[in-house]
Protein chains: 2
Amino acid sequence: MAKDTEKKQGFVEHITPRDVDFAQWYTDVILKSELVDYAPVRGCMVIRPYGFAIWERIKEQLDRRFKETGHENVYMPMLIPESLLLKEAEHVEGFAPEVAWVTQGGSEKLQERLAVRPTSETIFCAMYAKWVGSWRDLPMKYNQWCSVMRWEKSTRPFLRTSEFLWQEGHTIHATGEEAQEETMRILDIYREVAEDELAMPVLVGRKSDKEKFAGARATYSMEAMMQDGKALQAGTSHNFGTNFAEAYNIQYLSKEGKLAYVHETSWGVSTRLIGAIIMTHGDERGLKLPPHIAPIQAVIVPVAAHKGGVMEKCAEIYAQLKAAGIRVKLDDRDTLSPGFKFNDWELKGVPVRVEIGPRDVENGQCVVFRRDTYEKQAVALTELSAMLPGLLEDIQRNMYALADAFRKTRITDVHTMDELTRAVDGGFARAMWCGDRACEDKIKELTAASSRNMPFDQTPIGDTCVCCGKKADKLIYFARAY
Amino acid sequence: MAKDTEKKQGFVEHITPRDVDFAQWYTDVILKSELVDYAPVRGCMVIRPYGFAIWERIKEQLDRRFKETGHENVYMPMLIPESLLLKEAEHVEGFAPEVAWVTQGGSEKLQERLAVRPTSETIFCAMYAKWVGSWRDLPMKYNQWCSVMRWEKSTRPFLRTSEFLWQEGHTIHATGEEAQEETMRILDIYREVAEDELAMPVLVGRKSDKEKFAGARATYSMEAMMQDGKALQAGTSHNFGTNFAEAYNIQYLSKEGKLAYVHETSWGVSTRLIGAIIMTHGDERGLKLPPHIAPIQAVIVPVAAHKGGVMEKCAEIYAQLKAAGIRVKLDDRDTLSPGFKFNDWELKGVPVRVEIGPRDVENGQCVVFRRDTYEKQAVALTELSAMLPGLLEDIQRNMYALADAFRKTRITDVHTMDELTRAVDGGFARAMWCGDRACEDKIKELTAASSRNMPFDQTPIGDTCVCCGKKADKLIYFARAY
């Protein structure tokens, strides 16, 4: 809840239009819809009830799928001794610059610095080395939900903060094939949750060596397009091969009685997904939440609530919808006008609003407003609880379709640097690339766009590199990115 | 899973009997049942899948009740600036000695030290001060699930570790009455979960001033009795009055238009509850888990699995029980004997074992073993899925009854220090107390027992203090404690 005093001073406070200043629009929306607030700690955020409820829904969707595919949750310590972090050279190089260090415990100065985990590969590796014996112990497929800390210079809530919430899965396998299969299975779970639950189309594919995770053999990502045409990396799945196993000595006794290194994967998505939802679907009125993860799917707003029978009918309908399994709220605040409430719940992105006034009670009907299209329709009260689930599914599908249609208009096949430069100004460029890092660097320097990923369907759109003009056989996306 | 190689070397590894060395029994059980492992970080624990699954069940039970009573989840930053921590004097005095400090972020030495949260009153207060405006904003009832860090000198998994998982609720209210009501409501939720879900009887009551939380006006606790007769504080609920509101300036505009301080509560339970379950119910064979929170409620063990029809029947029964909503596992490991598996699942405390062999398949029956009483009975396979839910409830009730009966024999009314000294050697003493801290200190010094709490039913059992002999009107429990 915002301060009541402020609320009375006339809502809806102004939201900067998207086309005037997209970044400011984002900030206005997340603060005014009370998803998040700034914390009195540099670069950290407070996730408020409404924001956290979205995270709980996302978590449920993912956790269920992880468990269905044989993963188990664990909890690893948040502090990692420096010596343990240092064992895999590439990994430490990638993360050391952004580690927060604990150097004192109580009044005692520590002998060894402890890192607040930026990610937990190292500690999972240490434990796997202890736990794994023979091939019969494999695979081990563990996940944890926790917070991690990366000391970022410039931060924005949900998109880049010093502390954020995420899940990190870490698995070990007997063979490279199984590890690759796991890496792909998780990428597909991520894609499915993004598309089916968040109504957010994503491009899945493999990262270039430049953009892969520190210590990985291969990184795969899903990339979403925000409404400003920039890319947001929304989830990653890594195949480490035996890189970490060699550094941390994770060996198992094979069926043939030989010692062998395990093959490892790791993968994660974070509260960043909330930022992605906002920038994929939101509009001038504020948030627009996909019904599958909306904490409130339908809000009932009484009109002329003081008139006889209105509140009683609202309460009755509330009970009906709740019984029908809909996440419903009755807005019975008695100091606010219906108009104020309409704006408030549109700002908060609730997919459906049900308005009930005295005449509706008389006529046995209500007005149903859908947030995605702004359409209103009269619905008989006796039919409401039967029609709402279908309406919510329709909204879910429509939101995906809108985002997908938007994205289609902003992806351009390019063959020259000129075309690429124009394409990444508000969209993604699809191009052929020779595979050289020098070309990636040059494109970044000239256009501020980075390579996003290489789709699995590598049907070529040409045979020369968009940058150097040499022979090229890699199809890849470039975009400016969050 | 333990290392397969170790497992083959002959299970069940020896568990120290409880009456030989209770502490060693505890350590044997938590490690061998694979709830937990030691981490390569001083005083921290790794919660393994089986241990974490218990925590997830406990969390579900609590979270549901919190939400039903109008609480909302949030997430606050894990780092707290030193200056913010220092605002409430009593609080900081209580926690400063055990704070882990972050002093470096990346390569930068921080201007101000940041505490890894030992608890989050201070940051909740800072945000509440920002969020609350008028009486209409109240109450705010927030909770978070997170990890906290307390730099402990001597640690034991689940009971006392440098890092542990918990929930911490923080609420603000317009009046002292409402805050007190909230404090009691939560204490009752804790008691209900302990008794109904963990099958663990608890004594609820008010802490002495000596034992209350740093900064609280009043602390209430639930105290459970472990099988060695020692007390374990299993949950606390605090009423802060306006202590923190004054230190952090959390004021609201009352209905009458006056500025007033809010009344605040906080409350928490932690992964310590897992330790409490182990020490309340476990026996020489290992864990004994109450069905309501057991990750696996029934395990199916095939006997002579290679014989025709056995595995097929087991798989069929598995599907039936799963469909009946029972958390069931089919142990189809093909390198282990049934005897080994029996021991393994008894060690892991699974409430019910279903044995199915070739003759059972022929006769259309199975053998059902209950972990609480070691009783076996033959059950027709056609009746199994209908009878198991009732059996699980019976086990749940019986486990509570056993723990309650044990506790009854170990609580003694005492009137002299001699009686008290004998009573706390393996049990709780109930005594009259004058209310002076000097007497608490003396009792602690002489017997190592501390005051636990003062029950709400204060019917006196005498009128003089068990320690000083002066007039006394407080009924209180003393015990040695974890």
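Residues numbered from 1 in each chain as written. Chains lettered and ligands numbered in written order. Predicted model: local features only at pLDDT ≥ 70, side-chain atom pairs only at ≥ 80, totals over all residues. Heavy atoms only, no water.

### Quick word on the interface of chain A and chain B
Across the boundary between the two partners, chain A contributes 70 residues, which contact 70 residues of chain B. Here chain A packs against chain B, burying approximately 5,700 Å² in sum over the two surfaces, 59% of which is carbon and sulfur. The interface formed by chain A and chain B contains 8 salt bridges. Among the salt bridges present, the one from Arg136(A) reaches Asp334(B), with a minimum N-O distance of 3.4 Å. The interface formed by chain A and chain B includes 29 residue pairs in polar contact (both at pLDDT 80 or more). Broken down by class, the residue content of the side of chain A that touches chain B amounts to 41 nonpolar, 11 polar and 18 charged. Looking at chain direction, strand S5 (residues 100-105) of chain A and strand S5 (residues 100-105) of chain B are connected through 5 bridges and run antiparallel. Note that in S5(B) the partner of Trp101(A) across the bridge is Gln104(B). (Contact = heavy atoms within 4.5 Å. Buried area = accessible area lost by both parts, 1.4 Å probe. Salt bridge = Lys/Arg side-chain N within 4 Å of Asp/Glu carboxyl O. Polar contact = N/O pair within 3.5 Å; in protein donor to acceptor, adjacent residues only side chain to side chain. Nonpolar A, V, L, I, M, F, W, Y, C, P; charged D, E, K, R; others polar. Pairing = 2+ DSSP bridges. Helix = DSSP H or I, 4+ residues; strand = E, 2+ residues; numbered from the N terminus.)

### Things to note about the sheet that holds strand S3 (residues 72-73) of chain A
All names here are of chain A. Ordered by their spatial adjacency, 8 strands build an open sheet running S3-S7-S8-S14-S11-S10-S9-S23, and the pairing between neighbours is mixed. Of all strands in the sheet, those with a lone pairing partner are S3 and strand S23 (454-455), marking the two edges. Two strands pair when backbone bridges link them, and strand S7 (residues 140-149) and strand S8 (residues 163-173) are joined in this way by 10 bridges, in the antiparallel orientation. Bridging from a neighbouring strand, Trp145 pairs with Gln167 of S8. Where helix H3 (residues 49-68) meets the sheet, its contacts fall on S3, S7, S8 and strand S14 (263-270), and the angle it forms with S7 comes to roughly 165°. Sitting on the sheet, helix H9 (residues 272-281) is in contact with strand S10 (218-225), strand S11 (231-241) and S14, with an inclination near 145° to S11. (Axes fitted to C-alpha atoms, helices over the stretch in contact; angles between N-to-C directions.)

### A short note on the environment of Ala431(B)
Position of Ala431(B) among the secondary structure elements: in strand S21 (residues 428-433). For Ala431(B) and Asn239(B), which are 192 residues apart along the polypeptide, the C-alpha to C-alpha distance reads 25 Å.

### A few points about the side chain of His91(B)
Looking at the secondary structure, you find His91(B) in helix H5 (residues 89-95). Once residues lying within four places of it in the same chain are set aside, the contact partners of His91(B) are Thr119(B), Glu121(B), Thr122(B), Phe213(B), Ala214(B), Gly215(B) and Phe244(B).

### Points about the packing of aromatic side chains
Two descriptors summarise a pair of aromatic rings, namely the distance from one centre to the other and the angle between the planes of the rings. This structure, assessed with the given rule, holds 28 aromatic pairs over all chains. A centroid spacing of 4.5 Å and a plane angle of 45° characterise the contact between Phe240(A) and Phe244(A), whose relative ring orientation is tilted. Accessibility classification places Phe240(A) together with Phe244(A) in one group, the buried group. Pairing Phe66(B) with Trp145(B) gives two aromatic rings, centres 6.3 Å apart and planes at 35°, and the pair type is tilted. Of this pair, Phe66(B) sits in helix H3 (residues 49-68) while Trp145(B) sits in strand S7 (residues 140-149); the two residues are 79 residues apart in sequence, bridging distant segments of the chain. Note on Phe66(B): relative accessible area 1%, which makes it buried. Its guanidinium or amino end placed over the ring of Trp101(B), Arg113(B) lies 3.9 Å from that ring's centre, counting from NZ or CZ. In this structure, Arg285(B) is placed above the aromatic ring of Tyr374(B), and the distance from its NZ or CZ to the ring centre is 4.0 Å. (Phe/Tyr/Trp six-rings, centres within 6.5 Å; stacked < 30°, edge-to-face > 60°. Buried < 20%, exposed > 50% of the residue type's maximum accessible area, 1.4 Å probe, protein only. Lys NZ or Arg CZ within 6 Å of the ring centre and 35° of its normal.)

### Notes on the sheet that holds strand S3 (residues 72-73) of chain B
Residues and elements named next belong to chain B. Across the sheet, which stays open at both edges, the 8 strands sit in the order S3-S7-S8-S14-S11-S10-S9-S23 with mixed pairing between neighbours. At either end of the open sheet lies a strand with only one pairing partner, and these are S3 and strand S23 (454-455). This element, H3, spans S3, S7, strand S8 (163-173) and strand S14 (263-270) of the sheet and lies at about 165° to S7. Contacting S7, S8, strand S9 (202-206), strand S10 (218-225), strand S11 (231-241) and S14, helix H7 (residues 176-197) runs over the sheet at an angle of about 10° to S14.

### Some points on the confidence of the model for chain A
All names here are of chain A. Per-chain confidence: chain A averages 95 in pLDDT, with 97% of residues scoring 70 or above. Overall, residues 4-11 carries pLDDT values under 50, and its contacts beyond four positions in sequence, including any with other chains, amount to 13 contacts. Per the prediction output, this complex has pTM 0.96; the corresponding ipTM is 0.95. (pLDDT = per-residue confidence, 0-100.)

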